[in-house]
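The primary structure of each chain is shown beneath.
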There are 2 protein chains.
Amino acid sequence: MSDDTRSPIDPAATHAALLAAGAELFAEHGYAATRVRDIAARAGANLAAISYHFGGKQELYMAVLEHEAARMIAQHPLSQPDHADDPVAQLRDVIGGLLGRVLADDERGLIQRLLLREMFSPSEALPLLVERVQKPQFALVLSAVTAVAGPHVPPDRLRLAGLSLVAQCLFYLSARPVVERIVPDVVSAGGRTRLVEHLTDYNLAALQALRAAHAEPGDA
Amino acid sequence: MSDDTRSPIDPAATHAALLAAGAELFAEHGYAATRVRDIAARAGANLAAISYHFGGKQELYMAVLEHEAARMIAQHPLSQPDHADDPVAQLRDVIGGLLGRVLADDERGLIQRLLLREMFSPSEALPLLVERVQKPQFALVLSAVTAVAGPHVPPDRLRLAGLSLVAQCLFYLSARPVVERIVPDVVSAGGRTRLVEHLTDYNLAALQALRAAHAEPGDA
DNA sequence: ACTAGAATCAAACATCTGTTTGAAACAAAT
DNA sequence: ATTTGTTTCAAACAGATGTTTGATTCTAGT
């Protein structure tokens, strides 16, 4: 990020560089532990640029969250369920997509990390993130869960099942250092495909059991 | 917390009050966002008491983690699997125990919150917490998972299943504000028993499918 | 009662940190 | 070329924050 060789005065470039540097540092260290001097330095901008362009640290943080949320929606749209006929493939795609976003080292992981930090230390920005990031993600998960479990399962159970699924994917975002310390080679490059397989199999079985438990009397 | 009417000089009481106040504030706001002045105030102690008794903020933080980990082991031992004959009950107990610890508002929740913060922003204290808190917890989960899924499932799959189970329980610790915003009444007092039921059913089904997939050729 | 060490306290200290300032550099319009 | 408004910059600023200090109070041993 942040072209260090930015000789001509380019307000937009400074603005963008500050947003990018802020996103990385806020995601890595959290709001309180991030120094505005470090953000400015990484952005190759002057210290006062933060106050000039955004008003202050707090406003920059909010702008970062809005910007990252908007970018995720624009650049990485949650794939629509185009497997209307194959619920299992739909489930696998949702899991793979969610896990890929969560474990990505690039900008896709940024918004997830920021969101998780907001979850744990909510600020006034949490509602925005929930509305723009979490709810659409959950809706997608819920549609996949519903497709597998069938329409006869009560909405309550479907929501709980969706939460279980999201939980297992997001877990590896926060618990990565610990998981690697307890069970090695789970989030390594090779282990990632195994992980998607496991999550698909594991939840598929649970969802099919849920479907069976709420089968329509006349169903096979 | 921290008896405010502590007229006689009692070094041990000050020491303990600082540990308690530090645990609460560190768990609530994280290390960077916690001010030593607030800790001292909540403990009813003088500001300099932190340096005097522990050396500094960093050392107090380490002492808090060690103390909370030790207290959890001493006061809330992870119930041993006394259901050698009933794997389902064992699973339910493990889930209920883990979820109870995670959602507890008392001191049981403290160590979990501190641990989760360490997971996300690891410090040099993480290895200690993993060894003293996380590994024993995971061993217990793994024994329950193994009891249900049977001995013929490869250890790799068992560990992944254990992680899935832990993930679903810990999720509600970090995601509580978001969960309540997406799906109301899940972590409420009434919803908690429903939650334990759901988690038990959901994972029981998944584990039984795992058992069936790896059944000994001669098994029924 | 006296002394010595431990613990507490109010105050001061040094550093860090977010913010502001006023001048300088730049771009665009006249 | 001059003017005007915008952007950048080094420096300074004010407040917060972790730490230290030196005196004071307390407890215990003699």
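All values reported here derive from a predicted model rather than from experimental measurement. (Residues numbered from 1 in each chain as written. Chains lettered and ligands numbered in written order. Predicted model: local features only at pLDDT ≥ 70, side-chain atom pairs only at ≥ 80, totals over all residues. Heavy atoms only, no water.)

K.L.:
Explanation requested: the overall build of chain A in the structure shown.
P.N.:
Secondary structure assignment for chain A yields 10 helices and 0 strands. Taken from the N to the C terminus, the helices and strands of chain A come in the order α-α-α-α-α-α-α-α-α-α. Viewed in the frame of its principal axes, chain A has a C-alpha envelope of about 70 × 35 × 30 Å. Per-residue burial for chain A yields a buried fraction of 49% across its 220 residues. Here the analysis covers contacts within chain A between residues at least 6 apart in sequence; of these, 67% occur between residues at least 24 apart. When the accessible surface of chain A is summed, it comes to about 9,800 Å², and 54% of that surface belongs to carbon and sulfur atoms. (Helix = DSSP H or I, 4+ residues; strand = E, 2+ residues; numbered from the N terminus. Buried < 20%, exposed > 50% of the residue type's maximum accessible area, 1.4 Å probe, protein only. Contact = heavy atoms within 4.5 Å. Areas by Shrake-Rupley, 256 points an atom, 1.4 Å probe, with all protein chains shown as cover.)

K.L.:
Sorry, what's going on with the pattern of salt bridges here?
P.N.:
Oppositely charged side chains can pair when the atoms bearing their charge come close. Considering all chains together, one arrives at 12 salt bridges over all chains under this definition. Here K135(A) ties to E131(A) by a salt bridge, and the two come within 3.5 Å at their closest N and O atoms. Of this pair, K135(A) and E131(A) both sit in helix α7 (residues 126-149), 4 residues apart, which is roughly one turn of that helix. Of the residues examined, K135(A) reaches a relative accessible area of 32% and is grouped as partly exposed. For E24(B), the salt bridge identified is with R42(B), shortest N-O distance 2.2 Å. Residue E24(B) is found in helix α1 (residues 11-29), and its partner R42(B) is found in helix α2 (residues 36-43); the two are separated by 18 residues along the sequence. (Salt bridge = Lys/Arg side-chain N within 4 Å of Asp/Glu carboxyl O.)

K.L.:
For this particular structure, what's the right way to read the environment of P87(B)?
P.N.:
All names here are of chain B. Tracing the backbone through its elements, the reader meets P87 in helix α5 (residues 87-103). A residue is classified by how much of its surface remains accessible, and P87, at 26% relative accessible area, is partly exposed. Taking the C-alpha atoms as reference, P87 lies 9.5 Å from S143; in sequence the two are 56 residues apart.

K.L.:
Explain the packing of aromatic side chains here, please?
P.N.:
The relation between two aromatic rings is expressed through the spacing of the ring centres and the mutual angle of the planes. The full count for this structure, using the stated rule, is 8 aromatic pairs over all chains. Consider the rings of F171(B) and Y172(B), whose centres lie 5.6 Å apart with planes at 75°: the pair is edge-to-face. Classification of F171(B) by relative accessible area gives buried; the value is 7%. The structure contains a cluster of three or more aromatic residues connected by ring pairs, namely F26(A), Y31(A) and Y61(A). The residue whose ring lies beneath K57(A) is Y31(A), and the NZ or CZ to ring-centre distance is 4.4 Å. (Phe/Tyr/Trp six-rings, centres within 6.5 Å; stacked < 30°, edge-to-face > 60°. Lys NZ or Arg CZ within 6 Å of the ring centre and 35° of its normal.)

K.L.:
Help me out: how do you make sense of empty space enclosed by the protein in this one?
P.N.:
Taking a probe equal in size to a water molecule and rolling it over the atoms shows the remaining empty space. This model, assessed by the stated rule, comprises 5 cavities of 30 Å³ or more. Size it by volume and the largest cavity reaches roughly 110 Å³. In terms of lining, the largest cavity is formed by 13 residues, of which the most central are F171(A), I182(A), Q134(B), F138(B) and V166(B). Where the lining of the largest cavity is concerned, the elements lending two or more residues are α9 (176-182) of chain A together with α7 (126-149) and α8 (155-174) of chain B. The greatest single-element share of the lining of the largest cavity, amounting to 4 residues, is contributed by α7(B). When grouped by side-chain class, the residues that make up the lining of the largest cavity number 11 nonpolar, 2 polar and no charged. (1 Å grid on protein atoms, 1.4 Å probe; cavity = no way out; pocket = protein on both sides within 12 Å on 5 of 7 lines; lining within 4 Å. Points joined across faces, edges and corners; volume = space filled by probe spheres on them. Nonpolar A, V, L, I, M, F, W, Y, C, P; charged D, E, K, R; others polar.)

K.L.:
Help me understand the protein's contact with DNA strand D in this model?
P.N.:
Around DNA strand D sit 20 residues in total, of which T14(A), Y52(A), H53(A), R35(B) and R37(B) are the nearest. Counted by atom, the contact set of DNA strand D within 4 Å of the protein is 60% sugar and phosphate. Taking H53(A), its side chain carries an N or O atom lying 2.7 Å from a phosphate oxygen of DNA strand D. When residues of the surface near DNA strand D are traced back to their parent elements, those giving at least two are α1 (11-29) and α3 (48-54) of chain A together with α2 and α3 (48-54) of chain B. The greatest single-element share of the surface near DNA strand D, amounting to 3 residues, is contributed by α3(A). Across the surface near DNA strand D, the residue classes tally to 9 nonpolar, 6 polar and 5 charged. (Near = heavy atom within 4 Å. Polar contact = N/O pair within 3.5 Å; in protein donor to acceptor, adjacent residues only side chain to side chain.)

K.L.:
Please explain the UniProt feature "domain: HTH tetR-type" (unreviewed entry) in chain A as it appears in this structure.
P.N.:
Residues given the UniProt feature "domain: HTH tetR-type" (unreviewed entry) here are residues 12-72 of chain A. Along residues 12-72 of chain A, the helical share is 80% and the strand share 0%, with 20 Å between the first and last C-alpha atoms. (UniProt positions renumbered as here; feature names shortened; annotations may be inferred.)

K.L.:
Would you take a moment to explain the interface of chain A and chain B for this structure?
P.N.:
Frequently, the measure chosen for interface size is the accessible area removed from exposure when the parts meet. Across the boundary between the two partners, chain A contributes 49 residues, which contact 49 residues of chain B. Roughly 4,300 Å² of surface becomes buried between chain A and chain B when both sides are summed, with 74% attributable to carbon and sulfur atoms. On inspection of chain A and its partner chain B, the count reaches 2 salt bridges. Notably, a salt bridge pairs D201(A) with R157(B), separated by 3.5 Å at the nearest N-O pair. Here chain A and chain B share 10 residue pairs in polar contact (both at pLDDT 80 or more) between them. For the side of chain A that touches chain B, the element with the most residues is helix α8 (residues 155-174) of chain A, which contributes 15 residues. Residues of the side of chain A that touches chain B, tallied by class, amount to 33 nonpolar, 7 polar and 9 charged. (Buried area = accessible area lost by both parts, 1.4 Å probe.)

K.L.:
What should I look at first to understand helix α6 (residues 107-120) of chain B in this one?
P.N.:
An α-helical turn contains 3.6 residues, so a residue and the one three or four places further along point in the same direction. All names here are of chain B. The first and last C-alpha atoms of α6 sit 21 Å apart over 14 residues, in line with the 20 Å expected at 1.5 Å per residue. Buried residues dominate α6, accounting for 11 of its 14 residues. Taken as a whole, α6 has its buried residues at G109, L110, I111, Q112, L114, L115, L116, R117, E118, M119 and F120. (Expected span 1.5 Å × (residues − 1).)

K.L.:
I keep staring at the domain arrangement of chain A and nothing clicks. Help me out?
P.N.:
Residues and elements named next belong to chain A. Domain boundaries assigned for chain A yield domain 1 (11-70) and domain 2 (76-213). Domain 1 puts 15 residues into the contact, and the matching count from domain 2 is 14 residues. Taking both partners together, domain 1 and domain 2 bury about 1,100 Å²; carbon and sulfur atoms supply 71% of that area. Broken down residue by residue, the surface that domain 1 buries against domain 2 is led by A27, L65 and E68, which jointly contribute 42%. Counting the contacts that link domain 1 with domain 2 gives 0 salt bridges. (Domains from an automatic or database assignment.)

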